[in-house]
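# Topology and contacts: notes
Here is what each chain is made of, one letter per residue.
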Amino acid sequence: MTAQLNPRGDVAVLVPAAGAGVRLGPGRPKALRLLAGEPLLVHAVRRLAAAPSVHTIVVAAPAAEVTAVRELLAQVAPVTVVPGGAERQASVAAALAAVPAGPAIILVHDAARALTPPDLVESVAAAVRDGRDAVIPVLPVVDTIKEVGAGEVVLGTVDRSALRAVQTPQGFRRSVLTAAHAAAGDSLTDDAGLVEKQGVTVSCVPGSEYALKITRPFDLALAEHLLATAG
């Protein structure tokens with residue numbers, strides 16, 4: 001059954017999904033790898049569409065897969081699909097250009113974070129709605145972190161109390177993200193990094209363990225387990 005987005009919502013979500021995902025091993029583009037029999041992208045879009053504030057979802061797909069992705073997602077939600085670029089930043093820019101007039105809040109979400117709960121989407125959007133220019137969901141860093149130099153020699157132990165692991169969706173006022181992409185120079189893999197370079201303050205909200213990034217075969221196995229035990 002196709003989900004319906006909120007025509008009165010104020011949020012557009014951009015999903016850059018054109019990456020190859022080489023760390024998952026050989027096969028289809030990363031966003032189209034199967035998780036419990038369905039592509040990661042389907043899982044991700046289904047959860048985005050369940051967030052009440054979402055008005056628009058734009059997916060930047062591999063150029064050779066645009067038609068296939070459009071047909072695939074037609075059964076999930078009314079999604080706009082555009083050709084992505086060679087780099088993530090180009091895919092986000094292409095998706096941003098396809099957002100219609102209306103939504104004032106833009107979220108950027110990795111298809112590889114396929115199990116991200118709708119509540120996290122709403123939490124990020126609400127923080128932007130409350131007046132923040134840029135918002136990222138984060139989790140505390142739990143491992144001991146070492147700084148390592150040449151020859152794999154430990155130089156010191158980093159204080160992890162000030163460190164956070166960053167997730168998506170990352171949220172922005174539309175004008176802030178548009179300006180950051182217009183001024184972008186070097187390609188970055190993180191949109192918050194783009195707005196940081198423009199001097200914009202980036203705020204944090206609590207992330208979710210379910211918003212893990214599926215990058216390696218182990219992550220895929222963990223996501224399969226989470227799906228099987230969700231209840």
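It should be emphasised that the depicted structure is a prediction, and the values quoted were computed from it without experimental measurement.

What follows deals with the UniProt feature "site: Positions MEP for the nucleophilic attack" (unreviewed entry) in the protein. Following the UniProt record, one finds the feature "site: Positions MEP for the nucleophilic attack" (unreviewed entry) at Arg 160 and Lys 213. Among the annotated residues just listed, those lining the second largest pocket are Lys 213. Within the secondary structure, Arg 160 is located in the loop between strand E9 (154–158) and strand E10 (164–166). Those residues in contact with Arg 160 that sit more than four places away from it in its chain are Val 141, Val 142, Asp 143 and Thr 144. In terms of polar contacts, Arg 160 uses its side chain to reach the backbone carbonyl oxygen of Val 142, at 2.8 Å. With respect to the secondary-structure elements, Lys 213 resides in the loop between strand E12 (202–206) and helix H7 (217–229). A relative accessible area of 34% means that Lys 213 is categorised as partly exposed. Discounting chain neighbours no more than four positions away, the residues touching Lys 213 are Lys 30, Asp 110, Ala 112, Arg 113 and Asp 219.

This brings us to helix H1 (residues 40–49). Among the 10 residues of H1, 9 are classified as buried, and the element is accordingly described as predominantly covered. Along H1, the residues classified as buried are Leu 40, Leu 41, Val 42, His 43, Ala 44, Val 45, Arg 47, Leu 48 and Ala 49.

Here we take up the pairing of strand E11 (residues 170–173). Every regular strand shows the same layout, with side chains that alternate between the two sheet faces. Where strand E6 (residues 105–108) lies against E11, 4 bridges are found, and the strand directions are antiparallel. Paired with Ile 105 across the strands is Arg 173, a residue of E11. Looking at chain direction, strand E7 (residues 134–140) and E11 are connected through 2 bridges and run antiparallel. Across the sheet, the residue bridging to Val 135 is Gly 171, located in E11.

On to the pairing of strand E5 (residues 80–83), then. The pairing of strand E4 (residues 54–61) with E5 spans 4 bridges and is parallel. Pairing of Val 59 across the sheet is with Val 81, part of E5.

What follows concerns the packing of H1 against helix H2 (residues 66–73). Here H1 crosses H2 at 50°, and the two axes come no closer than 11 Å. Classified by the angle between their axes, H1 and H2 sit oblique to one another. H2 is crossed by H1, and the crossing has right-handed handedness. The segment H1 lies against H2, with Leu 41, Val 42 and Val 45 engaging Val 69, Leu 72 and Leu 73. Tallied by class, residues from the contact of H1 with H2 come to 6 nonpolar, no polar and no charged.

Evaluation of the coordinates by the stated rule reveals 7 salt bridges. Between Asp 219 and Arg 216 there is a salt bridge, and its shortest N-O distance comes to 2.7 Å. The class for Asp 219 is buried, based on a relative accessible area of 6%. Among the charged side chains, a salt-bridge network with shared partners connects Arg 88, Asp 110, Arg 113 and Asp 191.

Time to look at the nonpolar core. Proteins that are soluble and globular tend to have nonpolar side chains buried together. Grouped together as the largest cluster of nonpolar side chains are 36 residues, with contacts concentrated most on Val 15, Leu 41, Val 45, Ile 57, Val 59 and Leu 73. If one sorts the elements of this core by residue count, helix H4 (residues 118–129) sits on top with 6 residues. Core analysis: the second largest hydrophobic core is formed by 19 residues, Leu 14, Leu 96, Val 108 and Leu 177 among them.

Packing of helix H3 (residues 88–97) against helix H5 (residues 174–182) leaves a shortest axis separation of 11 Å and a crossing angle of 130°. One way to sum up the angle between H3 and H5 is to call them oblique. Considering the relative orientation of H3 and H5, their crossing is left-handed. In this structure, H3 uses Gln 89, Val 92, Ala 93 and Leu 96 to contact H5, whose residues at the interface are Leu 177, Thr 178 and His 181. When grouped by side-chain class, the residues that make up the contact of H3 with H5 number 4 nonpolar, 3 polar and no charged.

Cut-off values and rules
Residues numbered from 1 in each chain as written. Predicted model: local features only at pLDDT ≥ 70, side-chain atom pairs only at ≥ 80, totals over all residues. Heavy atoms only, no water. UniProt positions renumbered as here; feature names shortened; annotations may be inferred. 1 Å grid on protein atoms, 1.4 Å probe; cavity = no way out; pocket = protein on both sides within 12 Å on 5 of 7 lines; lining within 4 Å. Helix = DSSP H or I, 4+ residues; strand = E, 2+ residues; numbered from the N terminus. Contact = heavy atoms within 4.5 Å. Polar contact = N/O pair within 3.5 Å; in protein donor to acceptor, adjacent residues only side chain to side chain. Buried < 20%, exposed > 50% of the residue type's maximum accessible area, 1.4 Å probe, protein only. Pairing = 2+ DSSP bridges. Axes fitted to C-alpha atoms, helices over the stretch in contact; angles between N-to-C directions. Parallel < 35°, antiparallel > 145°, perpendicular 65-115°, else oblique. Left-handed = near helix turned anticlockwise from the far one by under 90°. Nonpolar A, V, L, I, M, F, W, Y, C, P; charged D, E, K, R; others polar. Salt bridge = Lys/Arg side-chain N within 4 Å of Asp/Glu carboxyl O. Core = buried A, V, L, I, M, F, W, Y, C linked by side-chain atoms within 4.5 Å.

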